[in-house]
Amino acid sequence: GVNWVKNKVNYFSIFYSRKVRAINNINRINSLRKEFYGRISSLVKQIKNELKYLETSRKTIKDFPVIKSNIKTVVIVGFPNVGKTTLLFKLTGSKPEIKNYPFTTKNINVSYLEAGEKIQVLDVPGTLNRFDKMNNIEKQAFLALKYLADKVVYVFDLTESYPIKEQIKLLERIRKDGKEIIIYLSKTDLLKKEKIEKFRARFDCVSGLKDLKEKL
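Every chain's residues receive numbers from 1 upward, in the order its sequence appears when written. Local features are withheld for residues below a pLDDT of 70 in this predicted model, meaning they are given only at 70 or higher, and side-chain atom pairs are given and counted only at 80 or more; totals for whole chains, interfaces and linings count all residues. Excluding hydrogens and water, the side-chain figures rest on all heavy atoms present in the structure.

### Quick word on the overall build of the protein
Summing up its helical and strand segments, the protein has eight helices and six strands in all. The N-to-C order of helical and strand elements in the protein reads α-α-α-β-α-β-β-α-β-α-β-α-β-α. Atoms counted for the radius of gyration: C-alpha only. Globule rule: 2.2 Å times the number of residues to the power 0.38. Its C-alpha atoms give the protein a radius of gyration of 27 Å, more than 25% over the compact-globule value 17 Å for 216 residues. In terms of overall dimensions, the protein has C-alpha extents of about 95 × 40 × 35 Å along its principal axes. The 216 residues of the protein split such that 35% are buried. Working definition: helices are DSSP H or I runs of at least four residues, strands are E runs of at least two. Numbering for both runs from the N terminus. Note on classification: 1.4 Å probe, protein chains only; a residue is buried when its accessible area is under 20% of the maximum for its type, exposed when over 50%, partly exposed between these limits.

### A short note on the nonpolar core
Throughout this description, the term nonpolar core refers to a set of buried Ala, Val, Leu, Ile, Met, Phe, Trp, Tyr and Cys residues connected via side-chain atoms within 4.5 Å. With 43 residues, the main nonpolar core has Val153, Tyr154, Phe156, Leu212 and Leu216 as its most contacted residues. Throughout, a residue-residue contact means that at least one pair of heavy atoms, one from each residue, lies within 4.5 Å. Beyond its immediate stretch of four places on either side in the chain, Val153 contacts Val74, Val75, Ile76, Val77, Leu87, Ile182, Tyr184, Leu212 and Leu216. Counting residues in each nonpolar core, the second largest holds eight residues, with Tyr16, Leu32, Phe36 and Ile40 among its members.

### Topic: the side chain of Asp157
Structurally, Asp157 can be placed in strand 4 (residues 151-157). In terms of polar contacts, Asp157 uses its side chain to reach the side chain of Thr159, at 2.5 Å. For this analysis, a polar contact is any N or O atom pair within 3.5 Å, provided that within protein one partner can donate a hydrogen and the other can accept it, and provided that sequence-adjacent residues contribute only side-chain to side-chain pairs. Among the polar contacts listed, one links the side chain of Asp157 to the side chain of Lys187, at a separation of 3.0 Å. Beyond its immediate sequence surroundings of up to four residues, Asp157 is in contact with Asn81, Val82, Ile164, Gln167, Ser186 and Lys187.

### Remarks on the confidence of the model for the protein
Summing up the model confidence of the protein, the mean pLDDT is 85 and the portion of residues at 70 or higher is 92%. Across the protein, the element-wise mean pLDDT spans from 81 in helix 5 (residues 136-147) up to 96 in helix 2 (residues 26-46). In the model, residues 98-103 has pLDDT below 50 throughout and makes six contacts with residues more than four positions away in sequence or in other chains. On a range of 0 to 100, pLDDT expresses the predictor's confidence in each residue.

### Remarks on a nonpolar patch on the surface
A surface patch of nonpolar side chains, amounting to about 440 Å² of accessible area, comprises Val2, Val44, Leu51, Tyr53 and Leu54. Ranked by residues supplied to the nonpolar patch, first place goes to helix 3 (residues 48-61) with three residues. A patch consists of residues exposed above 30% relative accessible area that lack any salt bridge, with like charges linked at up to 9 Å and nonpolar side chains (Val, Leu, Ile, Met, Phe, Trp, Tyr) linked at up to 5 Å. All accessible areas in this document rest on Shrake-Rupley with a 1.4 Å probe, and a residue is counted as covered only by the protein chains that are shown. For this document, the term salt bridge refers to a Lys or Arg side-chain nitrogen within 4 Å of an Asp or Glu carboxyl oxygen.

### Let's talk about the packing of helix 1 (residues 2-21) against helix 2
Angles here are taken between N-to-C directions and fall from 0 to 180 degrees, while the axes themselves are lines fitted to C-alpha atoms, restricted in helices to the stretch in contact. Interhelical geometry of helix 1 versus helix 2 gives an angle of 175° and a closest axis separation of 10 Å. The angle between the axes of helix 1 and helix 2 places the two elements in the roughly antiparallel class. Contact residues: helix 1 offers Trp4, Val5, Lys8, Val9, Phe12, Ser13, Tyr16, Lys19 and Val20, while helix 2 offers Ile29, Leu32, Glu35, Phe36, Arg39, Ile40, Leu43 and Gln46. Residues are sorted three ways: Asp, Glu, Lys and Arg are charged, Ala, Val, Leu, Ile, Met, Phe, Trp, Tyr, Cys and Pro are nonpolar, and all the rest, Gly among them, are polar. Of the residues assigned to the contact of helix 1 with helix 2, the class counts are 11 nonpolar, two polar and four charged. Any angle from 65 to 115 degrees is called roughly perpendicular, while one under 35 is roughly parallel, one over 145 is roughly antiparallel, and all others are oblique.

### Some remarks on a positive patch on the surface
When charges are tallied, Lys and Arg are placed among the positive residues and Asp and Glu among the negative ones, while His and the ends of the chain are skipped. Positions of charges follow a simple convention, taking NZ of Lys, CZ of Arg, CG of Asp or CD of Glu. There is a patch of like positive charges on the surface, built from Lys8, Lys19, Arg28 and Arg39. Relative to the elements of secondary structure, Lys19 occurs in helix 1.

### So, helix 2
In this model helix 2 runs 31 Å from its N-terminal to its C-terminal C-alpha over 21 residues, within 8% of the 30 Å that 1.5 Å per residue would give. Taken residue by residue, helix 2 has Ile29, Leu32, Phe36, Ile40 and Leu43 as its buried positions. All buried residues of helix 2 project into a common sector of 70° when viewed along the axis, lining one side. Away from its buried face, by an angle of more than 90 degrees, helix 2 presents the exposed residues Asn27, Lys34, Tyr37 and Lys45. Tucked inside the fold, the buried residues of helix 2 contact helix 1. Expected span of a helix: the number of residues minus one, times 1.5 Å. This arc describes the spread of directions from the helix axis toward the C-beta atoms.

### A closer look at the packing of aromatic side chains
Only the six-membered ring of Trp is used, alongside the rings of Phe and Tyr, when aromatic pairs are assigned; centres must lie within 6.5 Å, and planes under 30 degrees apart are stacked while those over 60 apart are edge-to-face, with the rest tilted. With the rule as written, the count across this model stands at 11 aromatic pairs. A ring pair is formed by Tyr154 and Phe156, whose centres lie 5.2 Å apart and whose planes are at 70°; its orientation type is edge-to-face. Across the pair, Phe156 and Tyr154 agree in class, each one buried. Considering the side-chain rings of Phe156 and Phe203, the 5.9 Å spacing of their centres and the 40° angle between planes classify their relative orientation as tilted. Of the two residues, Phe156 sits in strand 4 while Phe203 sits in the loop between helix 7 (193-202) and strand 6 (205-206), which places them 47 residues apart along the sequence. Classification of Phe156 by relative accessible area gives buried; the value is 0%. For Phe203, a relative accessible area of 8% puts it in the buried group. When the ring centre of Tyr112 is taken as origin, the NZ or CZ atom of Lys118, which lies over that ring, is 4.8 Å away. We call a charge positioned over a ring when the NZ of a Lys or the CZ of an Arg lies within 6 Å of the ring centre and within 35 degrees of the ring normal.

This is the structure we're talking about:
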């Protein structure tokens, strides 16, 4: 719609400019100018719905993060409040919004890590295992995982802010996408050693930043 109006404006601009140049009467020139503006105004009114749509899109898109598609990208995923944003801060030194009470990321946090090469690290909104009923926040996480991730860091919280069974179920769902997954244990300072070792016996995972960086 905008392109159509643009082409029309260009056409009328040339058309009326030629007419004005051929006239010496100021009243006639003013009349042609009013006629030109009237036509342009009419054209713009015809695409008012398209313009409103574009303005809504602009306001939405301006809040999207700037993602670089030409460098290695790691996406941190997991249930809400399992420590993804805290992990991003520890890995990269970035300072996204972190609360001392349960808090769910509302958008994609982007930061960068130097580990022999520059790595783009995305902390995506906490995603629940209900892909058929995703809200807009969860869709962001899903799309980042599907289209951006070269590797995935799946964060497990054994303190069971969410049932372990559900966290495993989500992990198995993500594995179907065929991405390389690194399992990271968060909040290990709150866990008994026996619980950690029991989990390690079942899953190949890391809990230290040094080990995680080596795998990235």
